[in-house]
Amino acid sequence: MAKILVLYYSSYGHIEAMAKAVAEGAESAGGSVDIKRVPETAPQEVVEAAHFKTDHPYPVCDPMELPNYDAIIIGVPTRFGNMASQMQSFWDRTGPLWATGALIGKVGGAFSSSASQHGGNETTLISAHKTLLHHGLMVVGLPYSFAGQMNMDEIVGGSPYGATTMAKGDGSRMPSAIELDGARFQGKHIAEIAGKLTA
(Lines give C-alpha, C1' and ligand atoms only; values in the text may rest on other atoms or scores of the structure.)
Protein backbone atom coordinates (compact mmCIF):
# COMPACT_ATOMS: atom_id res chain seq x y z
CA MET A 1 0.00 0.00 0.00
CA ALA A 2 1.44 3.33 -1.06
CA LYS A 3 1.67 6.07 1.57
CA ILE A 4 0.44 9.39 0.20
CA LEU A 5 0.88 12.85 1.68
CA VAL A 6 -1.44 15.65 0.61
CA LEU A 7 0.43 18.75 1.73
CA TYR A 8 -1.38 22.05 1.41
CA TYR A 9 -1.58 25.73 2.25
CA SER A 10 -4.96 27.45 2.17
CA SER A 11 -5.75 31.05 3.08
CA TYR A 12 -9.52 30.86 2.66
CA GLY A 13 -10.45 27.18 2.37
CA HIS A 14 -10.44 26.66 -1.41
CA ILE A 15 -7.25 24.59 -1.46
CA GLU A 16 -8.31 22.80 1.72
CA ALA A 17 -11.49 21.65 -0.09
CA MET A 18 -9.40 20.49 -3.04
CA ALA A 19 -7.00 18.68 -0.67
CA LYS A 20 -9.90 16.67 0.76
CA ALA A 21 -10.93 15.64 -2.76
CA VAL A 22 -7.36 14.70 -3.74
CA ALA A 23 -7.18 12.55 -0.60
CA GLU A 24 -10.50 10.88 -1.42
CA GLY A 25 -9.19 9.97 -4.85
CA ALA A 26 -5.94 8.57 -3.45
CA GLU A 27 -7.84 6.52 -0.87
CA SER A 28 -10.12 5.11 -3.58
CA ALA A 29 -7.01 3.64 -5.21
CA GLY A 30 -6.03 1.91 -1.97
CA GLY A 31 -3.53 4.50 -0.80
CA SER A 32 -2.88 5.24 2.85
CA VAL A 33 -3.37 9.01 2.95
CA ASP A 34 -2.42 11.77 5.37
CA ILE A 35 -3.51 15.36 4.88
CA LYS A 36 -1.20 17.92 6.46
CA ARG A 37 -0.64 21.64 6.07
CA VAL A 38 2.36 23.92 6.09
CA PRO A 39 2.71 26.56 8.81
CA GLU A 40 1.26 30.03 8.41
CA THR A 41 4.08 32.53 8.06
CA ALA A 42 2.08 35.74 7.63
CA PRO A 43 2.13 38.09 10.64
CA GLN A 44 -0.88 37.72 12.93
CA GLU A 45 -2.09 41.22 12.11
CA VAL A 46 -2.14 40.34 8.41
CA VAL A 47 -3.98 37.08 9.08
CA GLU A 48 -6.62 38.96 11.06
CA ALA A 49 -6.92 41.92 8.68
CA ALA A 50 -7.26 39.66 5.63
CA HIS A 51 -9.64 37.30 7.45
CA PHE A 52 -7.56 34.19 6.71
CA LYS A 53 -9.04 30.84 7.69
CA THR A 54 -7.63 29.88 11.10
CA ASP A 55 -9.73 26.83 12.05
CA HIS A 56 -7.51 24.18 10.50
CA PRO A 57 -8.67 20.55 10.75
CA TYR A 58 -5.30 19.10 9.76
CA PRO A 59 -1.93 19.10 11.55
CA VAL A 60 1.18 21.01 10.52
CA CYS A 61 3.77 18.92 8.69
CA ASP A 62 7.44 18.81 9.65
CA PRO A 63 9.65 18.79 6.53
CA MET A 64 11.60 15.83 7.91
CA GLU A 65 8.42 13.72 7.68
CA LEU A 66 8.49 13.78 3.87
CA PRO A 67 10.70 10.70 3.41
CA ASN A 68 7.98 8.64 5.15
CA TYR A 69 5.78 8.89 2.06
CA ASP A 70 5.80 7.27 -1.38
CA ALA A 71 4.00 10.20 -2.99
CA ILE A 72 3.70 13.89 -2.11
CA ILE A 73 0.91 16.00 -3.61
CA ILE A 74 1.21 19.75 -3.05
CA GLY A 75 -1.82 22.04 -2.90
CA VAL A 76 -1.08 25.76 -3.00
CA PRO A 77 -2.76 28.98 -4.15
CA THR A 78 -1.03 31.21 -6.64
CA ARG A 79 0.71 34.40 -5.64
CA PHE A 80 1.66 36.36 -8.76
CA GLY A 81 2.09 33.14 -10.73
CA ASN A 82 4.20 31.39 -8.09
CA MET A 83 3.63 29.23 -5.05
CA ALA A 84 2.40 31.15 -2.00
CA SER A 85 5.33 32.05 0.25
CA GLN A 86 4.07 29.80 3.03
CA MET A 87 4.58 26.73 0.84
CA GLN A 88 7.87 28.01 -0.54
CA SER A 89 9.13 28.63 2.99
CA PHE A 90 8.30 25.03 3.90
CA TRP A 91 10.31 23.67 0.97
CA ASP A 92 13.16 26.06 1.71
CA ARG A 93 13.60 24.05 4.93
CA THR A 94 14.13 20.76 3.06
CA GLY A 95 17.83 21.29 2.26
CA PRO A 96 18.94 18.34 4.42
CA LEU A 97 16.59 16.04 2.48
CA TRP A 98 17.93 17.33 -0.84
CA ALA A 99 21.53 16.85 0.34
CA THR A 100 20.93 13.17 1.08
CA GLY A 101 18.62 12.48 -1.88
CA ALA A 102 15.91 11.38 0.56
CA LEU A 103 13.02 12.06 -1.84
CA ILE A 104 14.54 10.70 -5.06
CA GLY A 105 12.26 8.24 -6.84
CA LYS A 106 9.06 9.25 -5.11
CA VAL A 107 5.96 10.43 -7.00
CA GLY A 108 4.88 14.07 -6.86
CA GLY A 109 2.08 16.25 -8.09
CA ALA A 110 0.44 19.61 -7.47
CA PHE A 111 -2.92 21.37 -7.52
CA SER A 112 -3.68 25.07 -7.26
CA SER A 113 -6.19 27.90 -7.06
CA SER A 114 -6.28 31.44 -8.41
CA ALA A 115 -8.74 34.33 -8.34
CA SER A 116 -9.50 34.19 -12.07
CA GLN A 117 -9.23 32.01 -15.17
CA HIS A 118 -5.92 33.59 -16.08
CA GLY A 119 -4.60 34.24 -12.59
CA GLY A 120 -1.49 32.07 -12.78
CA ASN A 121 -2.62 28.54 -11.93
CA GLU A 122 -0.46 26.86 -14.54
CA THR A 123 2.70 28.81 -13.71
CA THR A 124 2.10 28.09 -10.03
CA LEU A 125 1.87 24.38 -10.78
CA ILE A 126 5.08 24.58 -12.78
CA SER A 127 6.79 26.37 -9.89
CA ALA A 128 5.73 23.49 -7.64
CA HIS A 129 6.90 20.95 -10.23
CA LYS A 130 10.34 22.54 -10.36
CA THR A 131 10.75 22.12 -6.61
CA LEU A 132 9.66 18.48 -6.79
CA LEU A 133 11.98 17.79 -9.71
CA HIS A 134 14.96 19.28 -7.87
CA HIS A 135 14.26 16.76 -5.13
CA GLY A 136 14.17 13.92 -7.65
CA LEU A 137 10.44 13.23 -7.59
CA MET A 138 8.60 12.00 -10.69
CA VAL A 139 5.89 14.56 -11.46
CA VAL A 140 2.38 13.41 -12.39
CA GLY A 141 -0.27 15.85 -13.60
CA LEU A 142 -3.92 15.58 -14.63
CA PRO A 143 -4.07 13.71 -17.96
CA TYR A 144 -6.72 14.39 -20.55
CA SER A 145 -8.33 11.09 -19.63
CA PHE A 146 -10.04 13.34 -17.10
CA ALA A 147 -12.34 14.82 -19.73
CA GLY A 148 -13.91 17.31 -17.33
CA GLN A 149 -11.08 19.76 -17.90
CA MET A 150 -12.21 20.05 -21.52
CA ASN A 151 -15.70 21.24 -20.52
CA MET A 152 -16.75 24.39 -22.38
CA ASP A 153 -20.28 24.69 -20.96
CA GLU A 154 -19.03 26.41 -17.83
CA ILE A 155 -15.82 27.88 -16.49
CA VAL A 156 -13.74 25.06 -15.06
CA GLY A 157 -10.20 24.66 -13.80
CA GLY A 158 -7.80 21.86 -14.52
CA SER A 159 -4.96 21.37 -16.96
CA PRO A 160 -2.42 18.66 -17.78
CA TYR A 161 -0.22 20.22 -15.08
CA GLY A 162 -2.73 19.48 -12.30
CA ALA A 163 -6.16 20.10 -10.85
CA THR A 164 -7.08 23.75 -10.30
CA THR A 165 -9.93 25.94 -9.16
CA MET A 166 -10.80 29.65 -9.31
CA ALA A 167 -11.99 31.56 -6.26
CA LYS A 168 -13.09 34.91 -7.79
CA GLY A 169 -11.52 38.13 -6.60
CA ASP A 170 -13.61 38.18 -3.43
CA GLY A 171 -13.08 34.48 -2.68
CA SER A 172 -16.79 33.73 -3.01
CA ARG A 173 -16.49 30.87 -5.52
CA MET A 174 -15.68 27.49 -4.00
CA PRO A 175 -14.42 24.56 -6.14
CA SER A 176 -17.07 23.27 -8.53
CA ALA A 177 -18.17 19.65 -8.83
CA ILE A 178 -16.03 19.22 -11.96
CA GLU A 179 -12.98 20.73 -10.27
CA LEU A 180 -13.38 18.47 -7.23
CA ASP A 181 -13.74 15.50 -9.59
CA GLY A 182 -10.47 16.56 -11.23
CA ALA A 183 -8.78 16.67 -7.84
CA ARG A 184 -10.08 13.18 -7.02
CA PHE A 185 -8.92 11.92 -10.41
CA GLN A 186 -5.42 13.30 -9.89
CA GLY A 187 -5.21 11.86 -6.37
CA LYS A 188 -6.31 8.43 -7.63
CA HIS A 189 -3.94 8.58 -10.59
CA ILE A 190 -0.93 9.46 -8.43
CA ALA A 191 -1.80 6.81 -5.84
CA GLU A 192 -2.09 4.15 -8.54
CA ILE A 193 1.32 5.04 -9.95
CA ALA A 194 2.89 5.16 -6.49
CA GLY A 195 1.34 1.79 -5.70
CA LYS A 196 2.89 0.23 -8.80
CA LEU A 197 6.30 1.66 -7.97
CA THR A 198 6.22 0.48 -4.37
CA ALA A 199 4.86 -3.02 -5.15
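What you see is a predicted model; the values in this text were computed from it and never measured.

**Brief notes about the UniProt feature "binding site: FMN" (unreviewed entry) in the protein chain**
Taking the numbering used here, the UniProt-annotated feature "binding site: FMN" (unreviewed entry) corresponds to S10, S11, Y12, G13, H14, I15, T78, R79, F80 and H134. These annotated residues cover 125 residues of sequence, and their C-alpha atoms reach 29.1 Å apart at the extremes, leaving them scattered rather than at a single site. Checked against the lining of the largest cavity, the annotated residues just named reduce to S10. Assignment of secondary structure puts S11 in the loop between strand 1 (3–8) and helix 1 (14–28). When its relative accessible area of 4% is taken as the criterion, S11 is described as buried. In this structure, S11 is in contact with F52, K53 and R79, ignoring residues within four places of it in sequence. A polar atom in the side chain of S11 sits 3.0 Å from the side chain of Y9. Summarising the element assignment, Y12 is placed in the loop between strand 1 and helix 1.

**Concerning the packing of helix 1 against helix 6 (residues 177–198)**
At a minimum axis distance of 6 Å, the contact between helix 1 and helix 6 shows a crossing angle of 45 degrees. With respect to helix 6, the axis of helix 1 lies oblique. Regarding helix 1 and helix 6, the two cross each other, and that crossing is right-handed. The residues of helix 6 that touch helix 1, namely those facing A17, M18, A21, V22, E24, G25, A26 and S28, are E179, L180, A183, R184, G187, K188 and A191. A class-by-class count of the residues in the contact of helix 1 with helix 6 yields 8 nonpolar, 3 polar and 4 charged.

Criteria and thresholds
- Residues numbered from 1 in each chain as written.
- Predicted model: local features only at pLDDT ≥ 70, side-chain atom pairs only at ≥ 80, totals over all residues.
- Heavy atoms only, no water.
- UniProt positions renumbered as here; feature names shortened; annotations may be inferred.
- 1 Å grid on protein atoms, 1.4 Å probe; cavity = no way out; pocket = protein on both sides within 12 Å on 5 of 7 lines; lining within 4 Å.
- Helix = DSSP H or I, 4+ residues; strand = E, 2+ residues; numbered from the N terminus.
- Buried < 20%, exposed > 50% of the residue type's maximum accessible area, 1.4 Å probe, protein only.
- Contact = heavy atoms within 4.5 Å.
- Polar contact = N/O pair within 3.5 Å; in protein donor to acceptor, adjacent residues only side chain to side chain.
- Axes fitted to C-alpha atoms, helices over the stretch in contact; angles between N-to-C directions.
- Parallel < 35°, antiparallel > 145°, perpendicular 65-115°, else oblique.
- Left-handed = near helix turned anticlockwise from the far one by under 90°.
- Nonpolar A, V, L, I, M, F, W, Y, C, P; charged D, E, K, R; others polar.

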